[in-house]
Structure formats: C-alpha cells, structure tokens
Amino acid sequence: MLPGAYIFLDLDDTVFQTKSGLPNTDGLSVAAVDEDGDPLSFTTSRQDAFLELLSASATLVPVTGRSVTAFRRVVLEFDFGAVLNYGGLVLNPGGQADPDWLSYARVKALEAKPLLDAAGAFLQRKRASGLSGIEFKIVGDLGLDFYLLARGKGGDSKNLPETAAILQSEFGSDARVYLYDGNVSLLPKYLDKRAAVEYFINAFILTPDISRSDLLLLGAGDSEADRGFMSLCDYQIIPSGCRLSKIL
Ligand SMILES: [Mg+2]
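Worth saying up front: this structure is predicted, and the values here are computed from it rather than measured.

Focus: the nonpolar core
Considering soluble globular proteins, one finds that nonpolar side chains tend to be buried as a cluster.
Move 1: Counting residues in hydrophobic clusters, the biggest one holds 55 residues, and the most contacted among them are Phe8, Leu9, Val61, Val83, Tyr147 and Leu186.
Move 2: The biggest single contributor to this core is helix α3 (residues 99-128), with seven residues.
Move 3: In contact with valine 61, other than residues within four places in its own chain, are Tyr6, Phe8, Leu9, Phe80, Gly81, Ala82 and Phe200.

Right, dumping it as structure tokens:
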C-alpha cells in the first residue's frame, strides 16, 4: 500500500470553465465568482463527480495561473497548499506563501520586470496603431509582477490570436506565450508550473521516510502550460476536447 496519492490539478478549463465554454448550462454548480462576487465559472455534474472521485482517494493540489486574489474567488475547497501565478507563488499545506520559494521568485520576478513592462508598452503601441479591443494587465502577488494577461474587451476574443502571434514574435526568445479561448498570457521563461510542482513535492511531500517511489502522483491539465508538471506525474489526465488533447 502506498503512503500517499496526490493529484496536481490545473483549475480553469480542467475542472471548471465559464459558461461560454459549455455547450449547455443544465446541472451546473458555481465553481468561481468574478470581482463583484457574481458566478463566473461552473462545474458540470460530471466534473463534480470527477472531483469527488479524486478527493475521496487523493490529496488535491491546485496548480493554476490564478493569483491569490483570483484563487480566493474559487469556491471549491482545497486544503493542502497550492501553486499559483503559474508557479510564481507556492502556498504551503497550511496555506501560507512558502518563504524559500518566495525568495527565489522575488529575484526572478525583479529580473523579469523590464520584460513585462516592455510587453505592456508594446501592446499599448499596438492598440494605438489599430489592434482594437484588447485590454491587459500584469498579474502578480505580494508586490511582485509575474506575467502579462491580455483579454478581449467585453469577452470578444477575435483579436487574441493576433495578439498572441505578435507577442510571440516580439518576445518569444525571453517569454512563453499561451493562447487560450478567453485570454493570452505572456510568461517570462523562468515562470514554470513544473519547477514549482517539483519544489512542492520535495518540500512538502517527500520525507526521509517517504521517497518518490512510495507515492502515486497524478497530473491533470488542459493546456501546454500544464504539460511540464504533468510529466512529473505517474499518470496524466487531460479533458477530452481541450486544447492539449487536440495537440496530442
Ligand atoms: Mg487550464
């Protein structure tokens, strides 16, 4: 019998999504709210069953691009830490920012700040010269800037592919650019869910008495940003029809 099973779990578009990502809206439960506290993301009854199945037999650790504030808007409950900001922040099993990871991330985030500022200024110029309907912000926590998030105004996503393409061609040597259905994220190269999950396993799961071979690790995710951490796991779980399943 193994001492522990853990599932590292991407959230958005893996275990819940906004209504625009759903073919019909029957039997939905609220999974996350927006800035005003109104329902924004939902689980289907099958996703509820999936989460129940997992939580009955494994410890769930969210691995998400969400910042602390956005993570607090998720109404699902997790109680063994989390990886947030695409790995910029690691919460320990008690829910506190891990100080050792934070020291590392602080150095990296300060190094990457000029890149994020340049990407923001670049998008401003592109908007002034015709790239319409795109708004963006820098996402971070604890005074640190981690990544740039661009969205279409009013949920209009038609200019997101072009936004991703120009960011990739301008900043692709220093950053990874991910195009999702509802946003584009530009991540400095150090920012990596995989590195943070690896740290989490070493810091909070492995002990002198529990080695990697004593553990069953599952990874679940829907996008290219999840592939790295999923590859650390014994099994990889991908929702049917998602972007990653299409690539694979
Ligand atoms: Mg996702």
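That covers the picture; the talk isn't over yet.
Some points on the sheet that holds strand β12 (residues 215-220)
Move 1: With respect to topology, four strands assemble into an open sheet ordered β5-β1-β12-β13, the strand pairing being parallel. In this open sheet, the two edge strands, each paired with only one partner strand, are β5 (59-62) and β13 (235-237). Put simply, the sheet's adjacent strands are angled 20° from each other on average, direction ignored.
Move 2: As defined by bridge partners, strand β1 (residues 4-9) adjoins β5 across four bridges and the pair is classed as parallel. From the neighbouring strand, phenylalanine 8 faces β5, where its bridge partner is valine 61.

Here's the deal with the domain arrangement of the chain
Move 1: Partitioning the chain into domains gives domain 1 (4-99 + 192-247) and domain 2 (108-188).
Move 2: Computed over C-alpha atoms, the centres of domain 1 and domain 2 are 23 Å apart.
Move 3: Counting from both sides, the interface comprises 14 residues of domain 1 and, opposite them, 15 residues of domain 2.

Regarding the packing of α3 against helix α4 (residues 160-171)
Move 1: Running from N to C, α3 and α4 point in directions that differ by 135°, and their axes come no closer than 11 Å. With respect to α4, the element α3 is oriented oblique. As α3 packs across α4, the resulting crossing turns out to be right-handed. On the side of α3, the interface is formed by Leu115, Ala119, Phe122 and Lys126, while α4 contributes Ile166, Leu167, Glu170 and Phe171.
Move 2: When its residues are assigned to classes, the contact of α3 with α4 shows six nonpolar, no polar and two charged.

Here is what the cut-offs are and how they apply
- Residues numbered from 1 in each chain as written.
- Predicted model: local features only at pLDDT ≥ 70, side-chain atom pairs only at ≥ 80, totals over all residues.
- Core = buried A, V, L, I, M, F, W, Y, C linked by C-beta atoms within 7 Å.
- Buried ≥ 20, exposed ≤ 12 C-beta atoms within 10 Å, placed from the backbone.
- Helix = DSSP H or I, 4+ residues; strand = E, 2+ residues; numbered from the N terminus.
- Contact = placed C-beta atoms within 7 Å.
- Pairing = 2+ DSSP bridges.
- Axes fitted to C-alpha atoms, helices over the stretch in contact; angles between N-to-C directions.
- Domains from an automatic or database assignment.
- Parallel < 35°, antiparallel > 145°, perpendicular 65-115°, else oblique.
- Left-handed = near helix turned anticlockwise from the far one by under 90°.
- Nonpolar A, V, L, I, M, F, W, Y, C, P; charged D, E, K, R; others polar.

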